[in-house]
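Residue-level listing of the chains:
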Amino acid sequence: MSEAEFTEQGDERRDEQSRAAEAQRRILIVDDDPDFLAVAEAALAAHGFLVERAAGGLRGVFLATQDVPDVILCDLRMPGIDGFVVAEALRADPATQHVAIFACTGRRDLEARAALNASAFDGVLVKPVDWDSAARLLSEIVGLRRP
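Here is a short report on the structure shown in this document. Not measured: the values here are computed from a predicted model.

Some remarks on the nonpolar core
Point 1. Membership of the largest hydrophobic core comes to 22 residues, with the highest contact counts inside it found for I27, I29, L44, V71, L73, W131 and L138.
Point 2. Secondary-structure elements contributing two or more residues to this core are β1 (26–30), α2 (34–46), β3 (71–75), β4 (100–105) and α6 (131–145).
Point 3. When residues of this core are assigned to their parent elements, the largest contribution, six residues, is made by α6.
Point 4. Membership of the second largest hydrophobic core comes to 19 residues, among which are L28, V30, V99 and L116.

Re the sheet that holds β3
Point 1. The parallel open sheet is built from five strands, whose spatial order is β2-β1-β3-β4-β5. A strand with exactly one partner marks an edge of an open sheet, and here the two such strands are β2 (50–54) and β5 (123–126). Averaged over neighbouring strand pairs, the angle between their axes works out to 25° when direction is ignored.
Point 2. Across four bridges, the pairing between β1 and β3 is parallel. The residue bridging I27 from the neighbouring strand is V71, located in β3.
Point 3. Those strands touched by α2 are β1, β2, β3 and β4, and its axis lies near 170° from that of β2.

As for the environment of A43
Point 1. Residue position: A43 is located in helix α2.
Point 2. A43 sits 92 residues away from A135 along the chain, and the two C-alpha atoms are 8.5 Å apart.

Thresholds, definitions, all that
Residues numbered from 1 in each chain as written. Predicted model: local features only at pLDDT ≥ 70, side-chain atom pairs only at ≥ 80, totals over all residues. Heavy atoms only, no water. Core = buried A, V, L, I, M, F, W, Y, C linked by side-chain atoms within 4.5 Å. Buried < 20%, exposed > 50% of the residue type's maximum accessible area, 1.4 Å probe, protein only. Helix = DSSP H or I, 4+ residues; strand = E, 2+ residues; numbered from the N terminus. Pairing = 2+ DSSP bridges. Axes fitted to C-alpha atoms, helices over the stretch in contact; angles between N-to-C directions. Contact = heavy atoms within 4.5 Å.

The structure is reproduced here in C-alpha cells:
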C-alpha cells in the first residue's frame, strides 16, 4: 500500500468518526451535586448521549455558550446563580436560545410548579430521575429540534 492510499484511508476513518460524533446527541448537565452529575452522566452516556458536566450555574452558562449542546439539564437550587437565572441567560443569547432546557429538581410543591410554568424551561425532570424515560424524552426532543 502506498503512502497516499494509507493517508486516504486514515482520512476516511477520521471523516466517519467526525460524522458519528456530530450525530451523537450532546447534553450538558448543570448541577452543584457531584453525585448527581456522576449518576446522570453514566445513565445518559449508556443511552448514547455525549455528556458534559458543569458544577454550578455560572460554569453551565459558560460551557453552553462555548460549545452549544442539543439539550441542557439544569438544577434549580444552586449556590451563586440558580437554574432560573441560567435558563434566562441562555434564552437571551442568540447562540443558545433554541436549545431545549429542562429543569431537574426534587421539589414537587405547587409553588415550584408555578415558578417553572412561568420560566424559560421547556420541561422538568423530577428527582430521583427515571433515566430510561428521561433518555427517551430527551432523544425525541433532540430529534424534533435538529434540522
